[in-house]
Amino acid sequence: MTRLQWSRTLTVLILLLPLAFTCQGAETFRFPSVEFLRLAPEDLLSPYEASNSEDWQPLENSSPNLGYTRDIAWLRFDVPANSQINLLEIAYPHLDYITFHLFENGKLTKTIKTGDRYPFTQRPILNRHFLFPFSADTSTKQQILLEVHTTGTLQVPLALWNDQSFFEHASVEEQLHAVYYGILISAIFFNLFVFIALREPLYLLYVLSTLGYLLLIGNLNGTAFQLFWPGSPGLHSQATLLAVPFAVMFTLLFSRSFLKLKQTGPTLDRIVLGFATVNAAAVALTVLIDYSSAIRLTVALAIPSTILLTIIGPLQWVRGKPQAGYYTIAWGALSLGSAITAANKYGLLPNNFITTYGMEMGSALETILLALALATRLYQERQDKVEAREAELAAMAARRSAELKLIESALHNSLTGLPNRISFEMQVNDLIRQAPDTRHGIVVIHLNNLQSVTKTLGHQNSDRILELASRSINAITRELPGIISVGQHNGRNFFVASLDSETFACVVDASISENARRSVVRALDAIRTPVDYLGMQIPLNAQLGVAVSPIHGTDATSLIRRASIAEGSVRAHERGIAYYRPSRDSYSAGRLTMVSELQKALSNNELALNLQPKMDLRSGRISGLEALIRWPGRDQPIRADEIIMLAEQTGLIKPLTRWVLEQSLQLRNRLLENGHRLDLSVNISPNNLREPDFPLFAKRLMSAHPQHRGAVIFEVTETSMMQDPVNALKALNSLANAGIPVSIDDFGSGYSSLSYIKQLPASEIKIDRSLISDLATREEDRVIVQTTIDMCHSLGYLVVAEGVEDEATASLLKGMECDIIQGYLLSQPLSLEEMLSWLAERRATDTAQPAPG
């Protein structure tokens, strides 16, 4: 809160004070002369006996205050004749027992018993003050006798009213109390929020101190009894006793912390701490001693405590502590009000507005001033002192500008300007909440190749490419049927949000989009088109995942997560887009079970290796085999890439790869025993290349089986090498130096540079199946494949085309002088026994037919 706002608040309070005095001066009837009879507690008289006593004495005013006494006070006065008076008010709510007697023409006609020790609901009129109604009978002489005794201070402020005038007056007074309570409650919550944000005990101590005064005033004026425990007068009395030392104790602790007495005044610090300890002890004593003694004790401790609190402020102010100025004024107001109220309770001051509400006025001023001091303290800890009004306004404008920028930053990506994840999730949740039955499709678009581009071209170029890609994707999705806008900013309409530096997302009406499949396919092709940057065609290898509400989730977080899982699936890798399937969710609850099962299968040798042949296109003979992992015996088959992904995510890839290598050597032993001297390719995970001991393990394994030296080929994907090119090159060089051939798998799916490719100690390049599958129908693919084959031959590599499924593709590859093919055209992956049979049949066929010329 700014100083201007606090100044306005203080002005409001000051303007309300005259209203308070106006309220106090509301018209009441001139009170008749009051007579007073004081008796010892054991002198019990009937109303007639009291009325006929000869010891009555006149009172100077209508608000007797006898201080702390256990005597019984009788008050007697006549009701003015020919008036509209029909209500008696006793404006002090802490009188234990009150008996109201109405005499008419000397005869007792009405008796009402009430008091602070009776349940609130037994009062004749439910009001925080004691109200006694009677009829305004002008034909009789009316006289009122009051019998009052209490264990606290005995003061009986009397007023005669017409009931309508009283309630009009009471309404204004309650409004003033509401303003007072509002000031204290606002200060409490404001500083409580500051404490939660900053975790500084000072603000908590202030909250507890203000809360103590709020409870104290609420108990003193009877509001707490009326609102919180109307059926428990004993609890009300105990709460009143506890409120005084509670408020004083935390006020002392707050002052100690606020003025930093431990550092600036050690002696004062010990004194204040001692007083706080004494008040804490008083809290416990109030439970053990009687009410009269307890209230005397708490008030007796409150007076020197408030005096001490008033003194330490000026002392610190004189020593040059600027915060002590606020403190001195604030606690001066509170101490003065508290001292006036305390003196009134002891009977030293008469009853009037100032003595009755002194503590309330003082604590209200203290709350505002100290809250202003705390706000100023908080401001000064984070800002330099502002000497002039213009400088403060400039600082406020700067803060406002910073807030707007923070809001902008919180809801938009700083690089692309697109809405970010937070904004997108808000939009999606709103859409689902407004139309829960609509099928909203959440589409996640991940640029798989962006990291490789960054490592190749640098961050500055990568950021520029990302900007171009974001504009392109936003323009493409704009035309997509069923697309829903995810926000507007600076005149731009956004249909795509940026979830992170490599991932975008959009939302569509799935029912509309599913009926426009051609448009969706065109949009997919356009999104996957390389970005034109500085004359280069930069492939970002976009993959899309889709999750649909309410089938896959009913909130943005779940839908985005599941669309991301779909985007990372093999299906998305192969086709560019995939829908979420719970059965393929490797991150579901069943994943933990599958991890345990995989570990068990690995330990119990329950996994298996299948073999797929590779054929030399020149000779037409089988030149090698590739070992592919399988997990037999499961109800639901698991793909090899899913097994690898699960192993990589859970740390099982290290023992799994070692098992595969050892099993591969055993398989090749069987192949040699059957006369098949074929090379055997084994897939190596990128995680293995990051293992410091992997090259040493491979060397020792090959050294232990010299018959396989140079015949077991390690296949590493191009993408995996680009994740950590330096360490990958180091590991591959170590393997090559040990005589282990290396093959680059899935070439063309990543974005590796030619300079990096030339450094690789590879002997073989395998062209990715995504370039081979449409070779017969796509001219651009044929150009890319032909260029790749020529380039690899010029660098001395053998070229293998994987994913060959028909004769037309094989014929084209042979014409392009591709060296080797692999795919379902030859055979699907087979077990060892099946492969031995297949090779035997193939050998018989090759022997019967001459080799192609």
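Overview of the structure. (Residues numbered from 1 in each chain as written. Predicted model: local features only at pLDDT ≥ 70, side-chain atom pairs only at ≥ 80, totals over all residues. Heavy atoms only, no water.)

Overview of the sheet that holds strand E9 (residues 142-149)
Rules: For two strands to count as paired, DSSP must find a minimum of two bridges between them. Secondary structure elements are defined from DSSP: runs of H or I of at least 4 residues count as helices, runs of E of at least 2 residues count as strands, and each element is numbered from the N terminus.
Across the sheet, 6 strands lie side by side as E2-E1-E4-E9-E6-E7; this open sheet has antiparallel pairing. The two strands at the open ends of the sheet, each matched to only one other strand, are strand E2 (57-58) and strand E7 (107-114). Sheet topology note: the strand E1 (residues 35-39)/strand E4 (residues 72-78) ladder contains 5 bridges and is antiparallel. Opposite Leu-39, over in E4, you have Ile-72 as the bridge partner.

Considering the state of the cysteines
Selection rule: Note on terminology: pairs of cysteine sulfur atoms within 2.5 Å are recorded as disulfides.
Counted under the stated rule, the structure contains 0 disulfides. With no disulfide of its own, Cys-792 lies 9.6 Å from the sulfur of Cys-818, the closest cysteine sulfur.

Digging into the nonpolar core
Definition in use: Here, the term nonpolar core denotes a set of buried Ala, Val, Leu, Ile, Met, Phe, Trp, Tyr and Cys residues that are joined through side-chain atoms within 4.5 Å. For every residue, the accessible area obtained with a 1.4 Å probe (protein chains only) is divided by the maximum for its type, and the residue is called buried under 20%, exposed over 50%, and partly exposed between those limits. Working rule for contacts: check all heavy atoms of both residues, and any pair within 4.5 Å makes them a contact.
With 78 residues, the main nonpolar core has Leu-607, Phe-714, Val-785, Leu-813 and Ile-821 as its most contacted residues. With 8 residues, the single largest contributor to this core is helix H22 (residues 653-673). Contacts of Phe-714, omitting those with residues within four sequence positions, involve Leu-661, Val-682, Ile-684, Phe-694, Ala-698, Leu-735, Ile-740, Pro-741, Val-742 and Ser-743. Among the nonpolar cores identified, the runner-up in size contains 51 residues, and Val-453, Cys-506, Ile-527 and Tyr-580 belong to it.

Structural notes on unusual backbone geometry
Residue Ser-549 is joined to Pro-550 through a cis peptide bond whose omega torsion reads -5 degrees. Of note, the phi angle at Asp-746 is positive, near 55 degrees, even though the residue is not glycine. Relative to the assigned elements, Asp-746 resides in strand E26 (residues 742-747).

A few points about helix H3 (residues 163-198)
An α-helix turns once every 3.6 residues. As a result, residues three or four positions apart point the same way. To be explicit about the condition: One less than the residue count of a helix, multiplied by 1.5 Å, gives the span that helix is expected to have. Any N or O atom pair separated by 3.5 Å or less is treated as a polar contact, with the protein-specific requirement of one donor-capable and one acceptor-capable atom, and with residues adjacent in sequence counted only for side-chain atom pairs.
In this model H3 runs 52 Å from its N-terminal to its C-terminal C-alpha over 36 residues, within 8% of the 52 Å that 1.5 Å per residue would give. Of the residues flanking the start of H3, the one acting as N-cap is Asn-162, its side-chain oxygen 3.1 Å from the backbone nitrogen of Gln-164. Backbone geometry just after H3 places Arg-199 at a positive phi near 60 degrees.

Concerning the packing of aromatic side chains
For clarity, the cut-off: Stacked, tilted and edge-to-face are the three classes assigned to paired rings of Phe, Tyr and Trp, where Trp is represented by its six-membered ring and a pair needs centres within 6.5 Å; plane angles under 30 degrees give stacked, over 60 edge-to-face, the rest tilted. Criterion for a charge above a ring: Arg CZ or Lys NZ at most 6 Å from the ring centre, at most 35 degrees from the ring normal.
This model, assessed by the stated rule, comprises 14 aromatic pairs. Site record: aromatic cluster; members linked through ring pairs are Phe-100, Phe-132 and Phe-134. The residue whose ring lies beneath Arg-76 is Trp-56, and the NZ or CZ to ring-centre distance is 4.2 Å.

A word on a nonpolar patch on the surface
To keep it simple, the criterion reads: Patch building starts from residues that exceed 30% relative accessible area and form no salt bridge, then joins like charges within 9 Å and nonpolar side chains (Val, Leu, Ile, Met, Phe, Trp, Tyr) within 5 Å. For accessible areas, the Shrake-Rupley method is used with a probe of radius 1.4 Å. Any residue's cover is judged against the shown protein chains and nothing else. The term salt bridge refers to a side-chain nitrogen of Lys or Arg lying within 4 Å of a carboxyl oxygen of Asp or Glu.
A cluster of nonpolar side chains, contributed by Ile-185, Phe-189, Phe-193 and Ile-196, occupies part of the molecular surface with about 390 Å² of accessible area. Its place among the elements puts Ile-196 in helix H3. Here Ile-196 falls in the partly exposed class, since its relative accessible area comes to 45%.

Section: the environment of Met-816
Position of Met-816 relative to the elements: it lies in the loop between helix H30 (807-815) and strand E29 (820-822). The class for Met-816 is buried, based on a relative accessible area of 8%. For the pair formed by Met-816 and Thr-787, sequence separation is 29 residues and the distance between their alpha carbons is 9.4 Å.

Points about the environment of Asp-525
With respect to the secondary-structure elements, Asp-525 resides in helix H17 (residues 517-527). Once the C-alpha coordinates of Asp-525 and Ala-542 are considered, the two residues, 17 residues apart in sequence, prove to be 9.7 Å apart.

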